[in-house]
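Structural description and commentary
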There are 2 protein chains.
Amino acid sequence: MNFGTEEYKERIRKTKESMAKKGIEVLLITDPANINYLSGYDAWSFYVHQMLVVIDDEDQPFWIGRNQDANGARMTTWLFHENIFPYPDEYVQSTTLHPMKYVAEILKQIGQDKRTIGVEMENYYFTARCYEALKCGLPNATISDGSLLVNWLRLIKSDVEIEMIKRAAKISEIAMTKALEMVDVGVRECDVAAEIFRSQIRGTNEFGGDYPAIVPLLPSGERSATPHLTWTDDPYESGDIVTIELAGCYKRYHSPLARTISLGKPADKIQILSDVVVEGLNACLEMIKPGIASEEIESTFKQTISKFGLTKDSRLGYSMGLNYPPDWGEHTVSIRSGDKTILKPNMTFHLIPGIWLDDYGFEASESIRITENGCETFASLPRQLFVKEQFLPLINSNDFPSDIGEIEEV
Amino acid sequence: MNFGTEEYKERIRKTKESMAKKGIEVLLITDPANINYLSGYDAWSFYVHQMLVVIDDEDQPFWIGRNQDANGARMTTWLFHENIFPYPDEYVQSTTLHPMKYVAEILKQIGQDKRTIGVEMENYYFTARCYEALKCGLPNATISDGSLLVNWLRLIKSDVEIEMIKRAAKISEIAMTKALEMVDVGVRECDVAAEIFRSQIRGTNEFGGDYPAIVPLLPSGERSATPHLTWTDDPYESGDIVTIELAGCYKRYHSPLARTISLGKPADKIQILSDVVVEGLNACLEMIKPGIASEEIESTFKQTISKFGLTKDSRLGYSMGLNYPPDWGEHTVSIRSGDKTILKPNMTFHLIPGIWLDDYGFEASESIRITENGCETFASLPRQLFVKEQFLPLINSNDFPSDIGEIEEV
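Read on for a plain summary of the structure. In this text, all values refer to a predicted model and were calculated from it rather than measured experimentally. Within each chain, residues carry numbers counting from 1 in the order of the written sequence. Going through the entries in the order they are written, you letter the chains from A and number the ligands from 1. It should be noted that, the model being predicted, local features are given only for residues of pLDDT at least 70 and side-chain atom pairs only at 80 or more, the latter also being counted only at that level, while totals for whole chains, interfaces and linings use all residues. To obtain the side-chain values, all non-hydrogen atoms of the structure were included, while hydrogens and water were left out.

Least squares is the method for superposing the copies, and the C-alpha atoms it fits come from residues with pLDDT of at least 70 in both. Under the fitted operation, chain B is carried onto chain A by 0.0 Å of movement along the axis and a turn of 180°, and the coordinates agree to an RMSD of 0.0 Å. Such a combination of rotation and displacement between the chain copies is what one expects of a two-fold axis. Interface residue correspondence from chain B to chain A reaches 100%, placing this contact among same-surface, isologous pairings. Residues count as neighbours in contact if any of their non-hydrogen atoms are within 4.5 Å of one another.

Shown next as structure tokens:
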């Protein structure tokens, strides 16, 4: 476990407090990050149904999952072993049985089937069928929407969580530096991706890395006109723009980071786009502080780039931290017009002002922490369009770091 | 795109045929593997809602997704650009708007809102809220269960798909060999995981690797008593049992592989467990052929290991191939009692007879293709408990391959 039992108990207390406000007596948690947050449970078992059950008048939650994963629950959580309920394997990906029927049976057995039961309606791991099977199995319960209840509790990080994100950021710097070193004419995209992965998982000599919730995204050339393509096994060509988005991850805590590199002198329009986006990002980092609303950040960005005739339709960023695939975002705060969330110290965001045009794009991002008086970036790497004009020999890519230049201070 | 347009059209034809049998007129596909199978679309954009719409009397499907991903859809699919419908960014992870409302509007506009509309009820990317929002937005439609409709079409692979899995298998051999070389007393688990990732993504000089749908799973010591733990940054200790499950992946096609290694001479009970499981696996590989039922494989395995007093409660394997996180299994055939699927040539399975006891486990698996007369394994690596008795110097791990021994033939 990454935190002491007292920390988990405090999180459970806050969860129950929020449940009470929403009139939820029993909360069924299927988001792997929320399960981890409240119990410590950590395994790649979320591809089968599993959940944590928080009951208003029980000290400990219950874990319900596949039989072969129960040992993992015993090893990685603070729960008493009698609170771990394994379900038989015939429920796994069956066309006739559904784990939520098993869950309904358990809830009956422990006398919780006539209560107001909250479910995470919008989580990847609570499918439409989960909902139907649960309603069918619990005819006397009132099913209620408990979406994002725990996610909102995760918004402000403890100091220990901040330390974990700082470690993740260290890994993100190493991985991004490696990527910027390696991307070059004639190098295969997959070979760069491989070194990014290796850096992400090795971490440092002091601490190892965990798998990020999203794989490295590094579309090149025309593919940079869209942010979520991965890589090919084609070699980079002279003139390519490559956008790179990745995260370091430490014990499921993320610090995402995006940069862009041009192989060869970029066209003026690309250099201008880059300069404007970076100016917009810097303007945001200058103005962010506790007490302002999330949407004000976006407004600052939009104003800055509009001076150059640019617009951005997509959100500027989002709250991030602890997570599992397929997303490192927390699905609570989005930095965009209409989001009135007031910033507070130790909230953590990924600000990613990417702009994608018809045949190229530019991204430069920062993961930030709201401090007492402003904000600070987790990683330290220059914010700029990196340009590689003299192509390096393919074998020796160790000469590049000087190209990265000095670290800008926020 | 990995296949020619004609191949995609043929898949659409089969999809419509299956829709007709089930009385589905419009199929909303949210499973990223099914979207890829029918359109070629490939991006890490499934963390926001997206779908492919197959309509019984339209030649081409429609893609509906986030605006910034639309360029990716234009680049990676065979669809006409007018069949690509981007939704505005304010629908992304919003607490007030839902992309399925947008989808409902599109369906109204194209006159499809009063039809029988199939949805994938049990897919990770079709949440309970998706279902509710869709029902709410389409009051005149009949919503019907289209779960696994496309998955079942994926069961028998084309020869080109088999070639892709063979490439994935080549990568799985390289990654597993690297892992078996590296696992050693004093080596950090994360450093082994890092080299596995690197091998998976680099692939070979001829072709690069893609990200597998599941990260390497390599629990050690007592943690080997459960299969889905990942890694720590602790070093391995003498006496550790390490189970390693990983896959090679080529253009989203997987070939999973599991092996187990003991650091030091294993206790007799572990050696016996390993020998029995391998004997059971070999017995299965001997008997598998077209025409038998899936459940007969498991029955052979159970009979073989029962001679030694062993039982296995979890399924023996499952259909696999094309997929995205969080699972490389196809969620159709499970090799277990009750599964009556008759085996046919070019079905592909992962047979993973892992057994997990209270404080240790053993896994040895094979990915297989059903041939005309029997079956063949995709990878070639000895099936045995690997034992490292003489610990190697930490820096030079290149001397190990001779320990891996000769390749067994099936």
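A few words now on empty space enclosed by the protein. Only protein atoms enter the 1 Å grid used here. Points where a 1.4 Å probe fits but cannot escape make up a cavity, open sets with protein on both sides within 12 Å along at least five of seven lines make up a pocket, and a residue lines them when an atom lies within 4 Å of a point. Grid points are joined across faces, edges and corners, and a volume is the space filled by probe spheres set on the points. If you walk through the whole model with that rule in mind, you get 4 cavities of 30 Å³ or more. Counted as a void, the largest cavity has a volume near 180 Å³. Along its surface, the largest cavity is lined by 17 residues, and Y47 and Q68 of chain A together with H228, Y318 and I352 of chain B are the ones closest to its centre. Estimated volume of the second largest cavity: approximately 150 Å³. What lines the second largest cavity is a set of 17 residues, and nearest its centre among them are Y318 and I352 of chain A together with Y47, R66 and Q68 of chain B. In terms of residue class, the lining of the second largest cavity is made up of 8 nonpolar, 4 polar and 5 charged. Each residue gets one of three labels, nonpolar for Ala, Val, Leu, Ile, Met, Phe, Trp, Tyr, Cys and Pro, charged for Asp, Glu, Lys and Arg, and polar for the others, Gly among them.

With that out of the way, let us pick up the pairing of strand β1 (residues 26-29) of chain B. Successive side chains on a regular strand alternate, one facing one side of the sheet and the next facing the other. All names here are of chain B. For every residue, the accessible area (1.4 Å probe, protein chains only) is compared with the maximum for its type, and the residue is labelled buried under 20%, exposed over 50%, or partly exposed between those bounds. In this description a helix means any DSSP run of H or I spanning at least four residues, a strand means any run of E spanning at least two, and both kinds are numbered starting from the N terminus. Burial along β1 is two-sided: the residues V26 and L28 and L27 and I29 are all buried. Paired strands, in this sense, are two strands between which DSSP finds at least two bridges. Judged from the 4 bridges that link them, β1 and strand β2 (residues 51-55) form a sheet pairing that is antiparallel. Each bridged residue has a counterpart across the sheet, and for V26 the counterpart in β2 is I55.

Right, let's talk about the pattern of salt bridges for a bit. Throughout this description, the term salt bridge denotes a Lys or Arg side-chain nitrogen within 4 Å of a carboxyl oxygen of Asp or Glu. Going through the model one piece at a time under the given rule, you end up with 46 salt bridges over all chains. Across the pair K170 of chain A and E173 of chain A runs a salt bridge whose closest N-O atoms are separated by 3.4 Å. Taken together, the residues span about one helical turn, with K170 of chain A and E173 of chain A both in helix α7 (residues 159-182) at a distance of 3 residues. A salt bridge links E366 of chain B to R259 of chain B; the nearest nitrogen and oxygen atoms lie 2.8 Å apart. Residue E366 of chain B is located in strand β14 (residues 366-370), and its partner R259 of chain B is located in strand β8 (residues 253-263); the two are separated by 107 residues in the primary sequence. Grouping residues by exposure puts E366 of chain B and R259 of chain B together as buried. Through salt bridges with shared partners, a single ionic network connects E25, D56, D57 and R115 of chain A.

Residue and element names in this part refer to chain B. Relative to each other, helix α7 (residues 159-182) and helix α8 (residues 189-202) sit at 160°, their axes nearing to 8 Å. Looking at the two axes, α7 sits roughly antiparallel to α8. With respect to the hand of their crossing, α7 and α8 are arranged in right-handed fashion. Packed against α7, whose contacting residues are I171, I174, A175, K178, A179 and M182, the element α8 presents D191, V192, E195, I196, S199 and Q200 at the interface. Every angle, taken between N-to-C directions, lies between 0 and 180 degrees, and every axis is a line fitted to C-alpha atoms, over only the stretch in contact when it is a helix. Any angle that falls under 35 degrees is termed roughly parallel, while one over 145 is termed roughly antiparallel, one within 65 to 115 roughly perpendicular, and all others oblique. Working rule for handedness: look at the near helix, and if it is turned counterclockwise from the far one by less than a right angle, call the crossing left-handed; if clockwise, right-handed.

Any two packed helices are characterised by the angle at which their axes cross and by the distance between the axes. Residue and element names in this part refer to chain A. Taken N-terminus to C-terminus, the directions of helix α4 (residues 99-109) and helix α5 (residues 128-137) make an angle of 35°; their axes are 8 Å apart at the nearest point. Of the two possible hands of crossing, α4 and α5 adopt the one that is right-handed. Facing M100, V103, A104 and K108 of α4, the residues of α5 in contact are C130, A133, L134 and G137. Here the residues of the contact of α4 with α5 sort into 6 nonpolar, 1 polar and 1 charged.

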